[in-house]
Amino acid sequence: LIIHVLNESRRRIAAESYVGLHVRRGDIIDLLRNELPRLEGGLVSEAQLASVLRAYLGRTTLYESYYGPVEDAIAEGRKVVFFSDSPETFDHFAAKFGGRHFVNAARLVKPRHAIQKAFVDFNLLVGASRIISTGGSIYASFAAMLGGGRLINVAGTVSLERMENY
């Protein structure tokens, strides 16, 4: 079943070479929302706070950080396959650049179980010739390493002040 789903997903991507766009958001933003109120009450240690902030700054970034590399891929006529733990983020990129440039991995053939979907998504990301993501994302970094694709790290491309404000 998984081989069938993976092959059918590749067929739907319909591109020999594609760019993977991996946008990390949900779990880290939720972690911040949960921990920051606890900080005010003295319920979060300095080490815990440092860990959460490292995750936020290293694994997430503002949408605009992705724009340049996405524009480059589109200008080259490359298909961009979108991966995210927050599926609603796809709508932002489709509205900004036009949906015709993207394939949303969340809408490809779905296996029966979530872990199977994660396996298929990871294998599709491994197949990307270039991956646009944050360097702190082990998921994207490992996929690039296994597939030999180039990782474009967009973390840290906006100021710390802008990340704080966000």
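For the structure itself, look to the data block above.
Residues numbered from 1 in each chain as written. Predicted model: local features only at pLDDT ≥ 70, side-chain atom pairs only at ≥ 80, totals over all residues. Heavy atoms only, no water.

Engineer: If you had to explain the nonpolar core to someone new, which residues and values would you point to?
Structural biologist: Counting residues in hydrophobic clusters, the biggest one holds 21 residues, and the most contacted among them are I13, V81, L124 and I131. The set of elements that each furnish at least two residues to this core consists of α1 (2-13), β2 (79-84), α6 (114-126) and α7 (138-147). With 5 residues, α6 is the largest single contributor of residues to this core. Leaving out residues up to four positions away in the same chain, V81 has contacts with I13, Y18, V19, G20, L21, V103 and A105. (Core = buried A, V, L, I, M, F, W, Y, C linked by side-chain atoms within 4.5 Å. Buried < 20%, exposed > 50% of the residue type's maximum accessible area, 1.4 Å probe, protein only. Helix = DSSP H or I, 4+ residues; strand = E, 2+ residues; numbered from the N terminus. Contact = heavy atoms within 4.5 Å.)

Engineer: Which residues make up the packing of α1 against α6, and what values do they have?
Structural biologist: Helix-helix packing: each pair is described by the crossing angle between the helix axes and the interaxial distance. At a minimum axis separation of 10 Å, α1 and α6 run at an interaxial angle of 45°. Classed by the angle they form, the pair α1 and α6 counts as oblique. The two elements α1 and α6 cross, and the hand of that crossing is right-handed. Every residue of α6 that contacts α1 at I2, V5, L6, S9, R10 and I13 is listed here: Q116, F119, V120, N123 and L124. (Axes fitted to C-alpha atoms, helices over the stretch in contact; angles between N-to-C directions. Parallel < 35°, antiparallel > 145°, perpendicular 65-115°, else oblique. Left-handed = near helix turned anticlockwise from the far one by under 90°.)

Engineer: Quick rundown of a nonpolar patch on the surface? Include the residues and the values.
Structural biologist: Together, I138, F142, M145 and L146 line one region of the surface with nonpolar side chains, adding up to about 440 Å² of accessible area. Position of I138 relative to the elements: it lies in helix α7. (Patch = residues over 30% accessible without salt bridge, like charges linked within 9 Å, V, L, I, M, F, W, Y side chains within 5 Å. Areas by Shrake-Rupley, 256 points an atom, 1.4 Å probe, with all protein chains shown as cover. Salt bridge = Lys/Arg side-chain N within 4 Å of Asp/Glu carboxyl O.)

Engineer: Describe the sheet that holds strand β5 (residues 150-153), listing the residues and the values that go with them.
Structural biologist: One open sheet holds the 5 strands; their spatial order is β3-β2-β1-β4-β5, and the pairing between them is parallel. Two strands bound the open sheet, and with one partner strand each, they are β3 (102-104) and β5. Direction aside, neighbouring strands of the sheet carry axes that sit 25° apart on average. Sheet topology places strand β1 (residues 18-23) next to strand β4 (residues 130-133); 3 bridges connect them, and they run parallel. When the sheet's bridge partners are listed, G20 is paired in β4 with I131. The sheet strands contacting α6 are β1, β2 and β4, and the helix crosses β2 at an angle near 145°. (Pairing = 2+ DSSP bridges.)

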